[in-house]
Structures are given as C-alpha cells and as structure tokens.
Amino acid sequence: MENLKSKKLIGYYGFPGRSVLKSVRERFGRDLELVDLDVARDAPDSRIIQSTTCRIIANIVDNAMELSNKLVAIVADVGEGKCDRGRYAAFLLKEEGFNVIESRFLPEQFEKRPLVYSTAEGSLAERVDRIMEMVVQPPPPDNHKRACEPTHGFWGVPPHDFRILDIFPPTTHIYGWTRCVEAGSPGDLEMECYVGENVPTVFFTQSFCAKQDLAHHLAEKYDGLFIDCHRDVNNSILSKVEAFIKLSYPGQ
Ligand code: SF4
C-alpha cells in the first residue's frame, strides 16, 4: 500500500461513469485521493474470494479489506464495461460494510475519444498505465504522440503482473478492453474485438475471466497467441510470448 499516505480515500474499480465519480468526489471531498483497487498492491489475502477467481477481482477485495475504514466510498463498475464478477464483488463489499456506489457506463455515455497511446510508439507498460489514468483524468486533446506502424498487438485488460508487457516491442498496438478505455467506450464489444489486419497479436486474459472466450475465439480467427495467467507470470508464459513475438516478426 505504498504511496497511499492520505487518511481518507475514495476507491474505485473498472471504469465508473464520469458523472458518478464526479458526484462522489463532490460529496466526500474533491481533495481526497482516488485509488484504483484493480491494481496489485501487495495486500494480504482477505480469504473472502476463492482461489479460482480472477486475480483482478481478488485484488479489488483484498485491497479494500486492507485499506478498510480509510475508504470513505468505493465506486464500483458493475456494468457491461466490467463483468459480472465486478457486480458480485460490489455485493460482497457491501456485505463487508463498505459504502459502495454502483456505476454503469452506458453506451449513450461512450466518448469515442481519439486513440493516442494505443497506437503510439513507446513502452507498452507505460502506455497501458497512461490509459488507465484516463479513467479519472481524461488527457488533453493532443499530446503530440503520433501513431506508429504496428509490428505486434497486445489484446486484453491491464494484467495483474505487468512484467508480461515488458517483452513487447515499442511498436506494439493496444487492442481489446484497454483500447476501449482509451476511447472512453468500455463495453463497446465491436471495438473490443477489433485487431489490426495481419498484426501478430497476443490475446491475453487473466485466468477465470469470461474474456477468455473472446480471446480464444479471436486468437483462432486472427492466428494469434492466446495466453492466460492467474497470478504472477512465470518463465513458461514469458518464453511463449517472447517466442511468438520473435517468430511472428523476425526483425525483433
Ligand atoms: S479480468 Fe475479467 S473477470 Fe477479472 S475483473 Fe477483469 S473482466 Fe472481470
């Protein structure tokens, strides 16, 4: 729980609607720090979630339990932009006594923002981080980044263990849910299923995530690599991805 020095915090997960997040901040204090509960923060196992649950949901619940009464509210994405497990986590957290405010990012709220970080050249991990910051802080309209020609694609949600991102070349385009977040359109299934033509793509999901069905289908359709990972990535997963990157684009 490093870097979380504030006495009181507002937790959130997924991509809550802008108006819900704004009204919660107005109600509890605009100066309160916002904390993304999806992210791995070394919280101890709360034992509320069974071991065969997606690691991101376990992060949400374990982080909330560890932060405990520092959290004045949790803004929970319980809509199609997240997943049923996000909705059930909201219920479990309410049962634990948290003040949970539910949010659904509806299609009529989709922002359809231009893509910058999904298509720019640069460290994949840093670009995924920048995109996730947009959930609470939309970027200025133009940050001078320009699209590059993709040599590879990464499809999926931000992983529990970011080390998997470090092996992708800087010319990797971002697809799937993370791309939808940059566009301000979580839950846009058409966008979530888009990948560039002939771009060798790794379709990544956390284990026990419903998106495995999509990832498997898309990997077959586009001749990509389907990979899932539960907790930390291991050498076998890293080697598989590394080999795919090298073999699909010998220049790497
Ligand atoms: S990884 Fe999948 S199951 Fe887990 S929170 Fe994200 S969408 Fe839900």
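Please read these numbers as outputs of a predicted model, since none were measured by experiment.

Details of the site of the ligand
Part 1: What surrounds the ligand is the set Cys-54, Ile-56, Ile-57, Lys-82, Cys-83, Arg-85, Gly-86, Val-157, Gln-206, Cys-209, Ala-210 and Lys-211.
Part 2: Going through the elements one at a time, α2 (55–67) and α3 (84–95) are the ones with two or more residues in the shell around the ligand.
Part 3: Its residues placed into classes, the shell around the ligand shows 7 nonpolar, 2 polar and 3 charged.
Part 4: Taken domain by domain, the makeup of the shell around the ligand includes at least three residues from each of domain 1 (9–107) and domain 2 (124–248).

Here's the deal with the domain arrangement of the protein
Part 1: Parsing the protein into structural domains produces domain 1 (9–107) and domain 2 (124–248).
Part 2: Distance between the C-alpha centres of domain 1 and domain 2: 23 Å.
Part 3: Of the residues lining the interface, 17 residues belong to domain 1; the matching set on domain 2 comes to 13 residues.
Part 4: When residues of the side of domain 1 that touches domain 2 are traced back to their parent elements, those giving at least two are β2 (33–36) and α2.
Part 5: Considering each element in turn, the side of domain 1 that touches domain 2 owes the most residues, 3 residues, to α2.

Considerations on the nonpolar core
Part 1: Counting residues in hydrophobic clusters, the biggest one holds 28 residues, and the most contacted among them are Phe-154, Trp-155, Val-181, Val-202, Phe-203 and Phe-204.
Part 2: Those elements that provide at least two residues to this core are α4 (124–133), β5 (152–155), β6 (172–175), α5 (177–183), β7 (201–206) and α7 (211–222).
Part 3: Dropping the residues within four chain positions of it, Phe-203 is found in contact with Trp-155, Gly-156, Ala-215, Leu-218, Ala-219, Gly-224, Leu-225, Phe-226 and Ile-227.
Part 4: With 27 residues, the next largest nonpolar core counts Tyr-12, Tyr-13, Ala-58 and Ile-60 among its residues.

Conventions and cut-offs
Residues numbered from 1 in each chain as written. Predicted model: local features only at pLDDT ≥ 70, side-chain atom pairs only at ≥ 80, totals over all residues. Near = placed C-beta within 6 Å. Helix = DSSP H or I, 4+ residues; strand = E, 2+ residues; numbered from the N terminus. Nonpolar A, V, L, I, M, F, W, Y, C, P; charged D, E, K, R; others polar. Domains from an automatic or database assignment. Contact = placed C-beta atoms within 7 Å. Core = buried A, V, L, I, M, F, W, Y, C linked by C-beta atoms within 7 Å. Buried ≥ 20, exposed ≤ 12 C-beta atoms within 10 Å, placed from the backbone.

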